[in-house]
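Here is how the chains run, residue by residue.
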Amino acid sequence: MNRVHSRRSALAATLAGLALALTACGGGSGGGASSAPASGGSDTSLSDVKSKGEIVIATEGTYKPFSFHAEGAGDLTGYDVEIARAVAEKLGVKAKFQETQFDGIFAGLDAKRFDTIANQISINAERKAKYDFSKPYTVSTGVIVTKADNSSINSFESLKGKTAAQSLTSNFYKLAVDAGANVQSVEGWAQGVALVRQGRVDAIVNDKLTYLDYAKTNPDAGLKIAAETTDKSESAFVFRKGSTELTSAVDKALDDLRADGTLTKISEKYFGTDVTK
């Protein structure tokens with residue numbers, strides 16, 4: 001998972017006490033999405049989805065393990081994709097995915113090219129002012145990852161004086177610096193975690209889901225989570241403001257999927273643990 005842009009940035013910014021500025025530009029292609037009143041009027045968001053027999057869902061399709069094509073060119077799959085399909089089934093409609101680049105995904109929703117977004121979109125105050133969100137289906141924290149035999153780091157305070165591999169463009173860089181770590185600049189997670197494994201740095205600070213995805217595919221990496229934050233980031237389906245009925249129906253579907261164990265099953269498939277609560 002090389003890019004955990006939306007959720008990771010929001011988590012790190014929250015933990016660092018920074019405001020996350022939301023910008024959305026560009027656009028996708030396609031159509032057939034339901035409408036919802038900007039203010040007042042009748043909410044037809046759910047009835048429109050029901051009448052056409054499908055819910056149009058925006059996702060990137062290049063964001064492993066959340067939304068990607070199996071073996072590069074196979075079927076669209078991933079954690080978010082499977083959850084979206086399960087939700088659509090509970091609604092009694094077909095899930096139709098509209099693959100859209102992230103920089104145009106909110107503009108596409110605004111333009112009614114799709115009904116919702118399933119792409120690890122984190123909930124924050126600025127987005128909530130403009131969009132409706134379902135109940136969260138992903139919960140994550142910030143973590144310190146070290147070698148499994150490292151006993152000198154067990155909290156963010158214990159990072160002081162240690163060396164952490166961090167991308168200077170990531171907000172996790174600020175967490176490491178604020179904790180007093182000496183930072184060695186890297187291009188991203190892959191390079192940073194390699195330095196940890198080689199013993200060339202003491203730790204790397206990143207998003208928990210990034211580590212879990214890595215640990216699932218590299219079970220013999222010899223790493224561990226040494227500490228994690230108490231603050232959490234939550235990701236959910238996003239809807240146009242006023243899509244109250246559709247949002248409520250998706251919430252009920254998520255409740256049912258949580259109760260029958262489907263969310264846990266999907267989560268364990270991709271991360272080896274339940275990240276849905």
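The residue numbers shown here count from 1 along each chain, following its written sequence. Local features in this predicted model are restricted to residues of pLDDT 70 or higher, and side-chain atom pairs are both shown and tallied only at a pLDDT of 80 or more, whereas totals for entire chains, interfaces and linings draw on every residue. Here the side-chain values reflect all heavy atoms present in the structure, with hydrogen atoms and water set aside.

## Structural notes on the packing of aromatic side chains
Pairing of aromatic rings covers Phe, Tyr and Trp, the last counted by its six-membered ring, and requires centre-to-centre distances within 6.5 Å; plane angles under 30 degrees mean stacked, over 60 mean edge-to-face, and any other angle means tilted. All told, the structure shown has 10 aromatic pairs when counted by the stated rule. Ring geometry for W189 versus Y214: centroids 5.7 Å apart, planes at 80°, classification edge-to-face. Of this pair, W189 sits in helix 7 (residues 189-198) while Y214 sits in helix 8 (residues 208-217), and the two are 25 residues apart along the sequence. Ring pairing ties together the aromatic residues Y63, F66, Y79, Y137, F237, Y270 and F271, which thus form one cluster. The criterion for a charge sitting over a ring is simple: Lys NZ or Arg CZ within 6 Å of the ring centre, and within 35 degrees of the ring normal. Positioned over the ring face of F68 is K64, at 5.3 Å from the centre of the ring. Helix and strand labels come from DSSP, where a helix needs a run of H or I of at least four residues and a strand needs a run of E of at least two; each type is numbered from the N terminus.

## Examining the packing of helix 3 (residues 79-91) against helix 9 (residues 244-259)
In this analysis, axes come from line fits to C-alpha atoms, helices being fitted only over the stretch in contact, and the angle between any two N-to-C directions falls in the range 0 to 180 degrees. Packing of helix 3 against helix 9 leaves a shortest axis separation of 9 Å and a crossing angle of 105°. It follows from the interaxial angle that helix 3 and helix 9 lie roughly perpendicular. Judged by residue contacts, I83, A86, V87, K90 and L91 of helix 3 engage L246, A249, V250, A253, L254, D256 and L257 from helix 9. All amino acids are sorted into three groups, where Ala, Val, Leu, Ile, Met, Phe, Trp, Tyr, Cys and Pro are nonpolar, Asp, Glu, Lys and Arg are charged, and the leftover types, Gly among them, are polar. Of the residues in the contact of helix 3 with helix 9, the class split is 10 nonpolar, no polar and 2 charged. Roughly parallel refers to an angle under 35 degrees, roughly antiparallel to one over 145, roughly perpendicular to one between 65 and 115, and oblique to any angle outside these ranges. Pairs of residues are marked as contacts when any of their non-hydrogen atoms sit within 4.5 Å.

## Brief notes about unusual backbone geometry
Omega for the peptide link from K64 to P65 comes to 5°, which places this bond in the cis form. Residue E71 is not a glycine yet carries a positive backbone phi of 55°. Examined against the element boundaries, E71 turns out to sit in the loop between strand 3 (67-69) and strand 4 (76-77). Even without a glycine there, the phi angle at Q120 is positive, about 55°. Here Q120 is to be found in strand 6 (residues 116-122).

## Some words on helix 10 (residues 262-271)
A 1.4 Å probe rolled over the protein chains alone gives each residue an accessible area, and that area as a share of the maximum for its type sets the label: buried under 20%, exposed over 50%, partly exposed in between. Those residues of helix 10 that sit buried are L263, I266, S267, Y270 and F271. For helix 10, the angular spread of buried residues about the axis comes to 105°, placing them on one side. Buried-residue contacts for helix 10 involve strand 3, strand 4, helix 3, helix 8 and helix 9. Just past helix 10, the residue G272 takes up positive phi, approximately 75°. In this description, the arc belongs to the directions extending from the helix axis to the C-beta atoms.

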